[in-house]
Amino acid sequence: MLRQINSLLATQNAGHADARWEENKRVVITYRGPTLTDCRTYSTTGGHVRCFAGGGKALSSMTDPADLERALAEATRAAQAMGKLRKHPVRRGSEQAVVGTFHTPTPRDPRAVPMSEKRELLAHYNSLALGVPGVITTRAEYQEWGSTRYFASTEGSSVEYDLLLVNIVLRITARKNGVVQDTVVSFGGSADYERLLDRDEEVSERAERAVELLSAPQAKAGTFPVVLDPDEAGLFIHEAFGHLSEADGIQHNPSFRGRLALGTEIASSILSVTDDPRIEELPGTYDVDDEGVRGRRTELIKEGKLVGRLHSRETAAEFGEPASGNMRAVDAYYTPIIRMSNIFIEPGESTFADMVAAVDDGYYLVGSKGGQTSGDQFTFGAQYGRRIRNGRLAEVVRDINMSGELFSTLRRVRMVGDDLKYSERGGCGKGSLGPMQLNPKSGKGAPHILIEQVTVGGTR
Amino acid sequence: MKKILSEASQRNLAAEVYWCTREPLSARFEGGQPSAVVQDQVDQCAIRVIRNGKLGMACGSRPDKAVLAAAEEAATGGAEAPFRFADEPVALEDPGAKEPQAVDVDELLEVAEKIHRLVVQERSEIPVVVHASRHKETVRIATTSGFDDQQTRSFVLVSVNAPFHEAGSRVWKSRVLDTAALDAQDLSEEFLAWYTWGDAISAPAPGRLPVLLAPEASYLLTMPFVAAISGESLHQRTSPLEGKLDQQVLGDEISIMDRPNDPLGGKFDDEGTPCADRVLVEQGNLRGYLFDRRTAALMSERPTGNGFKRALFGGGPWASPNPWPGRLSVAAGQEDWRELVAGIDEGLLVYGGMGFHSSNFLQGNFSVQALGYHVEDGVVRGRLQGVMVAGNIYDDFHGVRVSRDTVRHTEFESPYLLVPQLQVAHGG
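The present account deals with the structure reproduced in this document. None of these values were measured; they are calculated from a predicted model.

**A few points about the nonpolar core**
All names here are of chain B.
For step 1, the next point in the chain: I115, V158, F191 and W194 are the most contacted members of the largest nonpolar core, which has 70 residues in total.
For step 2, the next point in the chain: For this core, the leading source of residues is helix α3 (residues 105-122), giving eight residues.
For step 3, the next point in the chain: Excluding anything up to four places from it in sequence, I115 contacts V130, V158, V160, L182, A184, L187 and S188.

See the structure below:
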């Protein structure tokens, strides 16, 4: 396939172009309650062309490899037409061409595991959860996500690489007297099938937690100090800060860009944040991004100061900052956009016990439950919480969501733990230049942290 | 497709082939100039087979023998299939067959540029983003039991948005059109009015306050409701609306319909079941549930034409059908929405909420960070920052005042809804 793409690009005589071809294989197995409801495999192909010509930029996706030539010709014409309307040509930072093959190491390749074995493993965990008294139903899903990609550019890049990820996710629902609560347990997050084995304890614990939440009080609305567990703290840094470190989010927002200039004291001096796609066996691990740039470690906040940003070649040129290798697409039907790889809070010096002891009236929040951001506003949920009173953990609480404003919240990070832990399951949804791209290859990590004040939403 | 179905029949399989062809075209204008043009031509297919009572599904780019074989393999030890694939032709005109006329990249760029120009003529400092797109999607479904039909959904969508000054959080306005004809002046004026309300930051005192939900925020009502009337949650016995047919579940000011036969909808669902307009809530009384073929069979009901490959996250041609509305429509009321604003002494006007998916919404709960404005003495005072709004649709959506103005989007249509009291919290 690379030969075909390179031959086509050799004929390109206007501006620059690149092309990506993908062969994707996925498996989804789903149980709802005791019943197997979905057994689905994917075997899809497709391509994506980007053309930078005449000062403009045009993008095109296609299904049939025979359409590559047509798509490139049409994209070239569209880019040239658009370029005539631009005040400044689209620029891209120079990057060394990458040539090579990059394959994900797979201690035990999930693609080689028989379908029946995957089903049985999922059925086992599902039965464990359903066996806990009070649990009324589950949604258990096995997700295998594999993509082999071929990328070449008129600038000399020619790369074959693959992406592979396997997860098990169980949503466990308990009900009593009209109250329904659910919890989620998920594991995997790498290319190693072995990671899915021997997780009975976590499944049982989370199922029992769902039942416990039925009799827990709802969180009280107001502003409180909160201690976040590593999974929740990872979600916090992903939502509250990570999306704003993606340069395309602020590229065309001059006033906001000024507040996020490199060198700005943006956070508490004990907070340091890094994005790194080269940490092995995490959800957001990769070698090369989808515009042919090698993935690399990027320090984003160092001791409270903004020191780096995530870029495409285009935003790197516009900001006058180094490219970071963070342009990624979910599949061939989407153009690459800037995405975090594995974003994490660097470990600090405090202990979890220190943090709880420092709170008179607040919450301990456990387990991420999704979040969302819009500029400087963010919100995220927890699977459950514990009230903290007078420096001690108290009762379990349910239905807990938080929100805040980026800049003030980053400055209110009062303690950072010494217990950095990466979450096994990541994922992120982002829409830019088109529909929402739900990318499972996005990781996060953090130690426990204490934030002096966030807004907790609740109906009480 | 006929060859694939013939192959399936020879292998003694019941089969359903879903084939979607999309040709989206879009232009984006930002930073004072066009930033990208996208023109795709892509195919996605999914084949479901039933073999020995077991269901398997495989997805590919186009239907071929390899996808069929993968579906057959997935059916080996696969899920129980208590239903049959569609077999009756749908005797309806395709409501979405009218293609937007003569829309090309140049026209989309022209529309985007015009709206951009109108906005910056008034306020040159606004970093406005305009996105103009032509959507065209043709779906063909054929089964071994004789169903074979296709429908096209096409429209033009023009949206304008911008981040507030030094904030990054955005306000947006959009229009969905059957043709490329757009009143750019009207859209830019509406956008400018909403943007200008956000020049200042303002917040009410925390507590239980009236909240006016703009049509774009009506999903805080409709999504928990959809989750609860889904045949899936009824079958799983997690729905708070189980057994409540013909009972009052929402305020009597609220009526909700499914209107799939709108030109933005279709005549059959993603399983080939005919769609029809249906009342779901009539003056607060629950009148219907949503069933796809599988959940209908499990619940001994008839499929309601609501087997769609849609979800809060992750739907699309490669997803499995599940119960979902064709096109939800909240009935309009009598009042002008501006008068509803004018009648608020202290409250909120909300056009969006962040973090909805983190809420326990199946039970009717939502707890979101509100995107919107503080209203005081009937006047919009400024945009909200760090304000959370929480409620429960079954407890709080009574005595709702409903506007006569509705906004039409691709998946829904809704008026403004003034909820008497929701819990509002913020950090000050």
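There's more to say after this.
**Re helix α3 (residues 115-130) of chain A**
Residues and elements named next belong to chain A.
For step 1, the next point in the chain: Over its 16 residues, α3 runs 22 Å from end to end, which matches the ideal 22 Å to within 8%, given 1.5 Å per residue.
For step 2, the next point in the chain: If you check which residues of α3 are buried, you get M115, K118, R119, L121, L122, Y125, N126 and A129. Down the axis of α3, the buried set is contained in an arc of 165°. They therefore lie on one face.

**As for the packing of aromatic side chains**
Each pair of aromatic rings is reported with the distance of its centres and the angle of its planes.
Residues and elements named next belong to chain B.
For step 1, the next point in the chain: On inspection of all chains with the given rule, the structure shows 28 aromatic pairs over all chains.
For step 2, the next point in the chain: Aromatic side chains W172 and Y351 sit 5.2 Å apart centroid to centroid with 85° between the ring planes, which places their arrangement in the edge-to-face category. Here the residue W172 occupies a position in strand β9 (residues 170-177), and Y351 occupies one in strand β17 (residues 346-354), the gap between them amounting to 179 residues.
For step 3, the next point in the chain: Residue classification places W172 among the partly exposed positions, given a relative accessible area of 31%.
For step 4, the next point in the chain: For Y351, a relative accessible area of 3% gives the class buried.
For step 5, the next point in the chain: With 5.5 Å between their ring centres and 75° between their planes, W197 and Y373 make a pair best called edge-to-face. You can see W197 sitting in helix α4 (residues 184-197) and its partner Y373 sitting in strand β18 (residues 365-376), a full 176 residues away along the chain.
For step 6, the next point in the chain: Among the aromatic side chains, those forming a connected cluster through ring pairs are W172, W194, W197, W337, Y351, Y373 and Y416.

**Section: the packing of helix α1 (residues 2-10) of chain A against helix α2 (residues 68-85) of chain A**
To describe two helices that pack against each other, one gives the angle between their axes and the distance between the axes.
Residues and elements named next belong to chain A.
For step 1, the next point in the chain: For the pair α1 and α2, interaxial distance at closest approach is 11 Å and the crossing angle is 35°. When you trace α1 past α2, the crossing you get is right-handed. Across from Q4, I5, L8 and L9 in α1, the residues of α2 making contact are L68, E69 and L72.
For step 2, the next point in the chain: For the contact of α1 with α2, a count of residues per class yields five nonpolar, one polar and one charged.

**Thoughts on the interface of chain B and chain A**
For step 1, the next point in the chain: With 76 residues of chain B in contact, the opposing surface of chain A contributes 79 residues.
For step 2, the next point in the chain: Counting the surface lost from both chain B and chain A, the interface buries some 6,200 Å², and carbon and sulfur atoms represent 52% of this.
For step 3, the next point in the chain: Applying the counting rule to chain B against chain A returns two salt bridges.
For step 4, the next point in the chain: Note that A:R32 and B:E232 form a salt bridge whose closest N and O atoms lie 3.7 Å from each other.

**Description of the pattern of salt bridges**
Residues and elements named next belong to chain A.
For step 1, the next point in the chain: If you walk through the whole model with that rule in mind, you get 74 salt bridges over all chains.
For step 2, the next point in the chain: The salt bridge partner of E155 is R313, with a shortest N-O separation of 2.9 Å. One end of the pair, E155, is in the loop between β5 (135-153) and β6 (158-176); the other, R313, is in helix α7 (residues 313-319), with 158 residues separating them in the sequence.
For step 3, the next point in the chain: Relative accessible area serves as the criterion here: at 31%, E155 is assigned to the partly exposed category.
For step 4, the next point in the chain: Taking the shortest distance from any N to any O, the salt bridge between E212 and R209 comes out at 2.8 Å. Note that E212 and R209 are positioned in helix α4 (residues 200-213) at a spacing of three residues, about one turn of the helix.
For step 5, the next point in the chain: When its relative accessible area of 14% is taken as the criterion, R209 is described as buried.
For step 6, the next point in the chain: One salt-bridge network, held together by shared partners, links D18, R50, R92, E155, E291 and R313.

Reading guide: rules and limits
Residues numbered from 1 in each chain as written. Chains lettered and ligands numbered in written order. Predicted model: local features only at pLDDT ≥ 70, side-chain atom pairs only at ≥ 80, totals over all residues. Heavy atoms only, no water. Core = buried A, V, L, I, M, F, W, Y, C linked by side-chain atoms within 4.5 Å. Buried < 20%, exposed > 50% of the residue type's maximum accessible area, 1.4 Å probe, protein only. Helix = DSSP H or I, 4+ residues; strand = E, 2+ residues; numbered from the N terminus. Contact = heavy atoms within 4.5 Å. Expected span 1.5 Å × (residues − 1). Arc of directions from axis to C-beta. Phe/Tyr/Trp six-rings, centres within 6.5 Å; stacked < 30°, edge-to-face > 60°. Axes fitted to C-alpha atoms, helices over the stretch in contact; angles between N-to-C directions. Left-handed = near helix turned anticlockwise from the far one by under 90°. Nonpolar A, V, L, I, M, F, W, Y, C, P; charged D, E, K, R; others polar. Buried area = accessible area lost by both parts, 1.4 Å probe. Salt bridge = Lys/Arg side-chain N within 4 Å of Asp/Glu carboxyl O.

In short, shape yes, function no, at least from these values alone.
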